[in-house]
Amino acid sequence: SRLNIFSDMVVFSSYAVQVIMAFMMLTMIFVLLPRASVSAKRVNEVLLKNLSIKDGKVVKPETQTDIAVEFRNVSFKYPDAEDYVVEGINFTVKKGETAAFIGGLGSGKSTVVNLIPRFYDASGGEVLVDGVNVKEYNLHALRNKLGYVSQKAVMFSGTVESNITFGTEFTAANRDGRKKSAQIKKAAEISQAAEFVENMDDKYSSAVSQGGANLSGGQKQRLSIARAVYKKPEINIFDDSFSALDYKTDRTLRTALKKELADTTCLIVSQRIGTIKDADKIVVLDGGKQVGAGTHKELLENCEVYREIAYSQLSKEELEKEL
């Protein structure tokens, strides 16, 4: 009957679709399998690679020194590269001092400061923290001394509070909820983040989305700085961490840092003369080489590269007033 023919056609069609889908899936497997194989091979190359940065044994320096950071003829180049990224870097920073690094794009400013927490190891020369070569430190102990704010402000999904306290060891000092809240608020005030956090609906319990998508660039930078300040490290590294801030906020923040963290050594990478001109020592880099070191006034007098940067950012009258 016609009804039987129709039902047979429906059944045949459904089986035919299942068979065709199975062949299509098989085809997709043949397409994806080589890709997956190559990807797995690349992942394994990373996982099976021997670490070039070996952990040292020093947890605390045996001798006391007033020098927080010292670079002795430091050079660095990437493995298998012919040219050095930075070469012949020499400077010392005493405890409580502020040192700044300035130079053109690709001059090696970030590379220099990244040698301190051992993101890379120096190819030549010595990087010393508290008089001890960083290669001799236990990595956890070394990085526990440092507060680091990267060029790109990194935010994690959670709350404002969890982002500020992220990476800080849980100790008796921050077990007390009231004391912890006061420390968080203080860190936010120093970093000028309290201004916008206090205006959020849930204040320090307000949600932060993955990557800080619900915050502006300046807000993310200020929270990153608050994270470093909350840790109360011996040395703070700010890798171009004020670039998203307006000049007024930048100035207020640096004044608060100098006042509240007078005993903390600060290393600042910046392309703004206004951000670094009050530093105790300024290191000028050009093409990976150190072309000058001194105070703002000294460099204006004897460093051509620094003078060019200064004249491109400040008026001649402003600079002449400082000389």
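Analysis parameters
- Residues numbered from 1 in each chain as written.
- Predicted model: local features only at pLDDT ≥ 70, side-chain atom pairs only at ≥ 80, totals over all residues.
- Heavy atoms only, no water.
- Helix = DSSP H or I, 4+ residues; strand = E, 2+ residues; numbered from the N terminus.
- Contact = heavy atoms within 4.5 Å.
- Polar contact = N/O pair within 3.5 Å; in protein donor to acceptor, adjacent residues only side chain to side chain.
- Buried < 20%, exposed > 50% of the residue type's maximum accessible area, 1.4 Å probe, protein only.
- Arc of directions from axis to C-beta.
- Phe/Tyr/Trp six-rings, centres within 6.5 Å; stacked < 30°, edge-to-face > 60°.
- Pairing = 2+ DSSP bridges.

1. Brief notes about the environment of Thr 275
Thought 1: In this fold, Thr 275 is placed in helix H9 (residues 273-276).
Thought 2: Discounting residues that sit within four places of it in the chain, Thr 275 has contacts with Phe 242, Asp 250, Arg 254, Ile 268 and Ser 270.
Thought 3: A polar contact is formed between the side chain of Thr 275 and the side chain of Asp 250, at a distance of 2.7 Å.

2. Concerning the environment of Gln 290
Thought 1: Relative to the helices and strands, Gln 290 is located in strand S12 (residues 289-294).
Thought 2: Here Gln 290 falls in the partly exposed class, since its relative accessible area comes to 23%.
Thought 3: Once the C-alpha coordinates of Gln 290 and Asn 90 are considered, the two residues, 200 residues apart in sequence, prove to be 7.8 Å apart.
Thought 4: Here Gln 290 is in contact with Glu 87, Gly 88, Ile 89, Asn 90, Phe 91, Val 283, Val 284 and Leu 285, once residues within four sequence places are set aside.
Thought 5: In terms of polar contacts, Gln 290 uses its side chain to reach the backbone amide nitrogen of Asn 90, at 2.8 Å.

3. What about helix H11 (residues 304-313)?
Thought 1: Taken together, the buried positions of H11 are Tyr 306, Ile 309 and Ala 310. Each buried residue of H11 lies within a common arc of 100° when the element is viewed along its axis, so the set occupies one face. The outward face of H11, more than 90 degrees from its buried face, is lined by the exposed residues Glu 308 and Ser 312.

4. A short note on the packing of aromatic side chains
Thought 1: Using the criterion set out here, one finds 8 aromatic pairs in the structure.
Thought 2: The interplanar angle of 65° and the centroid separation of 5.2 Å between the aromatic rings of Phe 91 and Phe 101 together place this pair among those described as edge-to-face. Here Phe 101 lies in strand S3 (residues 98-103) and Phe 91 lies in strand S2 (residues 86-94), a separation of 10 residues in the sequence. No difference in accessibility class separates Phe 91 from Phe 101, as the two residues are buried.

5. Concerning the pairing of strand S4 (residues 124-129)
Thought 1: Pairing between strand S1 (residues 67-76) and S4: 5 bridges, direction antiparallel. In the strand pairing of S4, Arg 72 is matched with Glu 126.
Thought 2: Here S4 folds back onto strand S5 (residues 132-133), and the loop between the two strands holds 2 residues, one of which, Asp 130, carries a positive phi near 55°.

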